[in-house]
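Structural features, examined
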Amino acid sequence: NAMVLGTISDDAPRARTVLLKNFDRKGAVFYTNYRSKKAFDISTNNKVSLLFPWYKIERQVIIIGNAEKISRKESLEYFKSRPLESQIGAWVSEQSSIIESRNVIEKKLEEIKFNFNRKDIPIPNFWGGFRVKPVEFEFWQGRENRLHDRFRYKLKENAQHSSWEIDRLSP
């Protein structure tokens, strides 16, 4: 369920691994701290890419789409399904911020554990999910002599309906 999320930043493109937690007709969902660098990038430009590489079998899928926050209800449902330590971890990490040492996080972990001792852990207001709504898929399969197979599905929308245009791409 690991995928590489690519975002557009003000100074450089950025990529990082995130976990795919749901995929359905509406898109691909991952969760994060809304104060993170990736969330900031999405808030300024919601065009993103998702890359699923399977190196050993020479395959990959790339999804291009638009990211948007999911509902608070959906985020809460997923948050409650997480292990207790992961719920606490959402409160501990100020993702993407600079810290002096690992000790800062370990101290905050103990503080949060003490504060929520034997209580239900509430979902942080700065944490939740994003859904990437696909507008393009590319399927790649490695072949001998670098004559790979590549297919692109591109969403075409008009007032009446939407459909997927399929093209074979040169390797």
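These numbers were taken from a predicted model, which means no experiment stands behind them. (Residues numbered from 1 in each chain as written. Predicted model: local features only at pLDDT ≥ 70, side-chain atom pairs only at ≥ 80, totals over all residues. Heavy atoms only, no water.)

1. Remarks on the packing of helix 3 (residues 84-92) against helix 4 (residues 102-115)
Filter applied, for reference: All axes here are fitted lines through C-alpha atoms, helices being fitted over the stretch that makes contact, and every angle between N-to-C directions spans 0 to 180 degrees. In this text, helices come from DSSP runs of H or I with a minimum length of four residues, and strands from runs of E with a minimum of two, each type numbered from the N-terminal end. With respect to orientation, any angle under 35 degrees is reported as roughly parallel, any angle over 145 as roughly antiparallel, any angle of 65 to 115 as roughly perpendicular, and every other angle as oblique. Each crossing gets its hand from how the near helix is turned against the far one by less than a right angle, where anticlockwise is left-handed and clockwise is right-handed. Contacts: residue pairs with any heavy atoms within 4.5 Å of one another. Each residue is assigned to one of three groups, with Ala, Val, Leu, Ile, Met, Phe, Trp, Tyr, Cys and Pro labelled nonpolar, Asp, Glu, Lys and Arg labelled charged, and all others, Gly among them, labelled polar.
Relative to each other, helix 3 and helix 4 sit at 120°, their axes nearing to 9 Å. Between helix 3 and helix 4, the angle is such that the two are oblique. The handedness of the crossing between helix 3 and helix 4 is right-handed. The residues of helix 4 that touch helix 3, namely those facing Glu85, Ile88, Trp91 and Val92, are Ile105, Lys108, Leu109, Ile112 and Lys113. Of the residues assigned to the contact of helix 3 with helix 4, the class counts are 6 nonpolar, no polar and 3 charged.

2. Details of the pairing of strand 4 (residues 27-33)
Test applied: Burial status follows relative accessibility: with a 1.4 Å probe on protein chains alone, a residue under 20% of its type maximum counts as buried, one over 50% as exposed, and anything between as partly exposed. Pairing between two strands requires that DSSP report at least two bridges joining them.
Along strand 4, 7 of the 7 residues are buried, which leaves the element largely enclosed by surrounding structure. For strand 4 and strand 7 (residues 127-141), the ladder comprises 6 bridges, and the chain directions are antiparallel. Across the sheet, residue Asn33 finds its bridge partner in strand 7, namely Trp127.

3. Remarks on the pattern of salt bridges
This is how it is decided: Any Lys or Arg side-chain nitrogen located within 4 Å of an Asp or Glu carboxyl oxygen qualifies as a salt bridge.
Considering all chains together, one arrives at 13 salt bridges under this definition. Arg14 is the salt-bridge partner of Asp11, the closest N and O atoms lying 2.9 Å from each other. According to the relative accessible area criterion, Asp11 is exposed, its value standing at 56%. Lys108 is paired through a salt bridge with Glu94; the nearest N and O atoms lie 2.9 Å apart. In this pair, Lys108 sits in helix 4 while Glu94 sits in the loop between helix 3 and helix 4, placing the two residues 14 residues apart along the sequence. A relative accessible area of 22% means that Lys108 is categorised as partly exposed. Through salt bridges with shared partners, a single network forms among Arg16, Lys37 and Asp41.

Shape descriptors only; they carry no functional weight alone.
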